[in-house]
Structure formats: structure tokens, C-alpha cells
Amino acid sequence: MAVVASVRPPKRFGQTVAELARFRQALLGCFVWRADALFELTDAVLAAGPVPSLPHLSLDPLHRRGHGSVYAALA
């Protein structure tokens with residue numbers, strides 16, 4: 001018995017980038033207070049490897065704010 005898998009056709013790079021941009025806009029819209037700091041924190045969490053604590057995320061190049069903004073954003 002053969003198993004038929006549904007395979008999506010590959011997307012063009014432009015489509016993927018557009019979907020990512022829409023997702024990022026929607027995510028940014030979910031943040032009410034300190035949206036910019038939370039958004040940069042999200043980028044740092046997704047891009048950084050394991051870190052011992054949240055202030056260490058402020059050392060990631062994607063998080064351009066000081067470690068105090070990490071606590072302020074989460075508060």
C-alpha cells in the first residue's frame with residue numbers, strides 16, 4: 001500500500017518574506033505597553049542561544065536596549 005503525502009509547492013522568497021512581515025506586524029499589534037521593547041526582546045529570545053538569565057538577552061545584538069528595559073517590558 002503506497003502512502004501519498006501532500007506536499008506543498010515551494011514558495012517564492014518574496015511570498016515568504018511578505019508572510020513573515022505580516023506575522024511580525026500582527027505580533028507587534030498584540031503588545032500594548034512597551035511594544036518596541038517587548039518586540040526586541042522577542043527577537044532576542046528567538047535568535048539567541050541559551051542564556052542564564054533575561055538580562056543576558058540584552059547583550060544580543062537584536063536587543064538594542066539596556067538590561068533594565070527587559071524587566072520594564074515584562075513588568
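Scoring rules and cut-offs
Throughout this document, residue positions are counted from 1 along each chain, in the order its sequence is written. Confidence filtering applies because this is a predicted model: local features only for residues at pLDDT of at least 70, side-chain atom pairs given and counted only at 80 or more, and all residues used for totals across whole chains, interfaces and linings. Working from all heavy atoms in the structure, the side-chain values ignore hydrogens and water. Strands here mean DSSP runs of E at least two residues long; helices mean DSSP runs of H or I at least four residues long; both are numbered from the N terminus. Working definition: with a 1.4 Å probe on protein chains only, accessible area under 20% of the residue-type maximum means buried, over 50% means exposed, and in between means partly exposed. Should any heavy atoms of two residues lie within 4.5 Å, those residues are counted as being in contact. Residue burial considers only the protein chains on display, and all accessible areas are found by Shrake-Rupley using a 1.4 Å probe. For every residue, the predictor reports its confidence as pLDDT, a number between 0 and 100. The length a helix should cover is 1.5 Å for every residue beyond the first. The axes are straight lines fitted to the C-alpha atoms, using for helices just the contacting stretch, and the angles between their N-to-C directions are given from 0 to 180°. Note on terminology: angles under 35 degrees are roughly parallel, angles over 145 are roughly antiparallel, angles of 65 to 115 are roughly perpendicular, and the others are oblique. Each crossing gets its hand from how the near helix is turned against the far one by less than a right angle, where anticlockwise is left-handed and clockwise is right-handed. Charged residues are taken to be Asp, Glu, Lys and Arg, nonpolar residues to be Ala, Val, Leu, Ile, Met, Phe, Trp, Tyr, Cys and Pro, and polar residues to be all remaining types, Gly included.

Attention now moves to the overall build of the chain. Looking only at helices and strands, the chain has three helices and zero strands in total. The order of helices and strands in the chain, counted from the N terminus, is α-α-α. Across the 75 residues of the chain, 23% fall into the buried class. Of all intrachain contacts in the chain linking residues separated by at least 6 positions in sequence, the fraction that spans at least 24 positions is 27%. Carbon and sulfur atoms make up 65% of the accessible area of the chain, which amounts to about 6,100 Å² in all.

Taken over all residues, the pLDDT of the chain has a mean of 76, while the share at 70 or more is 80%. Within the chain, helix α3 (residues 67-74) has the poorest average pLDDT of any element, 71, and helix α1 (residues 13-30) the best, 85.

Another point: the environment of P61. Following the sequence through the fold, P61 ends up in the loop between α2 (35-47) and α3. Residue classification places P61 among the exposed residues on the basis of a relative accessible area of 71%. Spatially, the C-alpha atom of P61 lies 9.8 Å from that of E40, the residues being 21 residues apart in sequence.

Turning our attention to α2. Over its 13 residues, α2 extends 18 Å from the first C-alpha to the last, a length consistent with the 18 Å expected when each residue adds 1.5 Å. Taken residue by residue, α2 has A35, A37, L38, F39, E40, L41, D43 and A44 as its buried positions.

Take the packing of α1 against α2 next. Where α1 meets α2, the closest approach of the two axes is 9 Å, and the angle between their N-to-C directions is 130°. In this view, α1 runs oblique relative to α2, as classed from their interaxial angle. Crossing geometry of α1 relative to α2 is assigned as right-handed. Within the contact between the two elements, α1 uses R24, L27 and L28 and α2 uses A35, F39, T42 and D43. Across the contact of α1 with α2, the residue classes break down as four nonpolar, one polar and two charged.

Another point: unusual backbone geometry. Despite not being glycine, R34 has its phi angle at roughly 50°, a positive value. Mapped onto the elements of the fold, R34 is located in the loop between α1 and α2.

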